[in-house]
Amino acid sequence: MDETMNVIIDKHINTSETGLPQNITKDEADRIITEVDSNSKYSGDYHIIYNEKQLRQKCTNVDSVEEGQEISRILFKLLAQSKNGIGLSAIQVGIPKNVFVTNVKEPLYFVNAEIIKGEYPIITEEGCLSFPNKFIKTKRNLKITIKADNIKGEVTYGYQGDITEDIKTNPNLKIEGLDILESVSIQHEIDHKNGILMYDRMFHQPDFSSEKIGRNKEVCIVSNLGEEKILKYKKASPLIESGLWRFKN
Ligand SMILES: [Zn+2]
């Protein structure tokens, strides 16, 4: 791994509003994320694409980690310019390669990544830089294990405890935080390389609402592990909000 990418990965946790690393100077960050060798085949001008047909292309692996780093620099630059983005894949700038970056807890890049394991389904909400201002409910995993050519061994992202045990001892467990957002963002970005979009992961919640059924009416809810409970609507509602439970049809 080269020196400059080490800076991006290791040196900082927080990011500023612009998405640039906070504890290095702006000049330094600009240099790191914009510097692409002019002899590189990726030295052109790139911008985010919105064409669904192009986004549906299947991507191929890059030949080397260095090639992945060159693409990552382009992606970090465009991600920083996007202001509110937290992840970007190569195909979203018209490069059909298996490379993507995220910037949730810290800027990360992934070269030729694969998800090896996904654990515990959760309902979440997400958007995509290729579909500005659209946010939809999706079904993802709370915890994922991935491997990539620029990462040693296998790495786990997402919920750090044992969710199956934790939800048993605390059914009201609230799932939130940057770990989960980071994991969801990685799942979203890794999908792009297979031409899969967030709309393909859409979750359709059955239409239950307190106006229709009343706050004291009993409803049956089911956890993502299949455990069932009968509760008054007003008690069930916060559990549904947590993403770990859903109404049983
Ligand atoms: Zn996207």
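Everything numeric here is computed off the predicted structure, so don't read it as measured data.

Student: Can you explain helix α4 (residues 65-81)? Please cite residues and give values.
Tutor: Given a rise of 1.5 Å per residue, 17 residues ought to cover 24 Å, and the 24 Å separating the end C-alpha atoms of α4 matches this to within 8%. When you tally the buried positions in α4, you get 14 out of 17 residues, the bulk of the element. Phi for lysine 83, located one or two positions after α4, is positive at around 70°.

Student: Go over the nonpolar core with me, naming the residues and quoting the values.
Tutor: Counting residues in hydrophobic clusters, the biggest one holds 28 residues, and the most contacted among them are Leu75, Ala90, Phe100, Val101, Phe110 and Val111. Looking at this core, the elements that each hand over two or more residues are α4, β2 (99-103), β3 (107-111), β5 (131-147) and α6 (178-192). Residue contributions to this core peak at eight residues, all from α4. Not counting residues up to four positions away in its chain, the partners in contact with phenylalanine 110 are Val99, Phe100, Ala148 and Asn150. Counting residues in hydrophobic clusters, the runner-up holds 14 residues, among them Tyr120, Ile122, Leu142 and Ile180.

Student: Provide a residue-level description of the sheet that holds strand β1 (residues 87-89), including the pertinent values.
Tutor: With antiparallel pairing, three strands are arranged side by side in an open sheet as β1-β2-β3. Edge positions in the sheet fall to β1 and β3, since each has one partner strand and no second. Taken pair by pair, the neighbouring strands of this sheet meet at an average axis angle of 10°, ignoring direction. Each of β1, β2 and β3 is contacted by α4, which is oriented at about 45° to β2, the strand it contacts most.

About the cut-offs
Residues numbered from 1 in each chain as written. Predicted model: local features only at pLDDT ≥ 70, side-chain atom pairs only at ≥ 80, totals over all residues. Helix = DSSP H or I, 4+ residues; strand = E, 2+ residues; numbered from the N terminus. Expected span 1.5 Å × (residues − 1). Buried ≥ 20, exposed ≤ 12 C-beta atoms within 10 Å, placed from the backbone. Core = buried A, V, L, I, M, F, W, Y, C linked by C-beta atoms within 7 Å. Contact = placed C-beta atoms within 7 Å. Pairing = 2+ DSSP bridges. Axes fitted to C-alpha atoms, helices over the stretch in contact; angles between N-to-C directions.

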